[in-house]
Structure formats: structure tokens, C-alpha cells
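Spelled out, the chains give:
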Amino acid sequence: QVQLVESGGGLVRPGGSLRLSCAASGSFFSIYAMGWYRQAPGKQRDFVAHITGGSTNYADSVKGRFTISRDNAKNTVYLQMNSLKPEDTAVYYCNADVQLTSDNAVVAGPPNNYWGQGTQVTVSS
């Protein structure tokens, strides 16, 4: 019922910047929360940043360098990444908690959780 599509990844030199986007589409009532996670080869998927309303949270490794923001009208979340380091290299995944609709009515119960397919970020000289 909901699709999350990430974009904006690519190759950048150390110290450079990238902005990732994640757009949600489909049939739903609202998106309660959105976040970003990343996974490097041979490593687990780690939390990066999260936003719920006006409240944000960041992993210690990205504090002061990354900024998460959200455009509710576009159902889109962004991750501005500055001062990138080689250790930031990973596939970045979008995540969202979504309240679904069915027959033009809000589905009762807790929101459903969805993942995007990921976008590659490579930081290398």
C-alpha cells in the first residue's frame, strides 16, 4: 500500500556534501515518523537519524554533520549530509511509520512500518 523511494546518493570526495530524499507514495492517512538507516558491506544496519513532528534524533557518529528534515505536503524526508567521511560509505535506507487507509477510512490499530530499497553513498578520494 505504501512505497518509499530514495534518491540522491552517489560518489563524493571526503569533506563533500550530499542530500538524500525519500518520497512516500500510495494510499495512506498520514506518516507519523520517518528515519534513515545505513548498512556498509559486512556490517549490520545502523540507525542514522529520525524525525517525529518537530523532534529529531541522531546517531553520535553523525551529530553536527547530518540534518534530517521533512516536507509533509510532499510526503518526503531529507537527509543533508555535510563533511562526509569515508566511514559514511554505505547503502542508506529510508524508514517510515504509516497510518493506512482502506475504503476511504482510517485503518484502526498501530501504524505499519515500511522500508525503501536504499541508495548508495560512496565517500572516496
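Described in the following lines is the structure provided in the data block. (Residues numbered from 1 in each chain as written. Predicted model: local features only at pLDDT ≥ 70, side-chain atom pairs only at ≥ 80, totals over all residues. Heavy atoms only, no water.)

1. Regarding unusual backbone geometry
Phase 1: Residues other than glycine seldom take positive phi values, yet S83 does so here, at roughly 50°.
Phase 2: Residue placement: S83 occurs in the loop between β8 (76-81) and β9 (90-102).
Phase 3: We note that N104 has phi near 60°; this positive angle belongs to a residue other than glycine.
Phase 4: Of note, N104 is situated in the loop between β9 and β10 (105-106).
Phase 5: The exposed category is assigned to N104, whose relative accessible area is 85%. (Helix = DSSP H or I, 4+ residues; strand = E, 2+ residues; numbered from the N terminus. Buried < 20%, exposed > 50% of the residue type's maximum accessible area, 1.4 Å probe, protein only.)

2. Topic: the nonpolar core
Phase 1: With 33 residues, the main nonpolar core has L4, M34, W36, L79, M81 and Y92 as its most contacted residues.
Phase 2: Not counting residues within four places of it along the chain, the set of residues in contact with L79 comprises L18, R19, L20, W36, V48, A49, F66, T67, I68 and Y92. (Core = buried A, V, L, I, M, F, W, Y, C linked by side-chain atoms within 4.5 Å. Contact = heavy atoms within 4.5 Å.)

3. Some points on the pattern of salt bridges
Any two side chains of opposite charge can pair, given that their charged atoms come close.
Phase 1: Tallied over the full model, the rule gives three salt bridges.
Phase 2: With a shortest N-O distance of 3.0 Å, D88 and R38 are connected by a salt bridge. Pair noted here: D88 is in the loop between β8 and β9 and R38 is in strand β4 (residues 28-39), with a separation of 50 residues, a long-range link. The burial state of D88 is the same as that of R38; both residues are buried.
Phase 3: Members of the salt-bridge network, linked through shared partners, are R38, R65 and D88. (Salt bridge = Lys/Arg side-chain N within 4 Å of Asp/Glu carboxyl O.)

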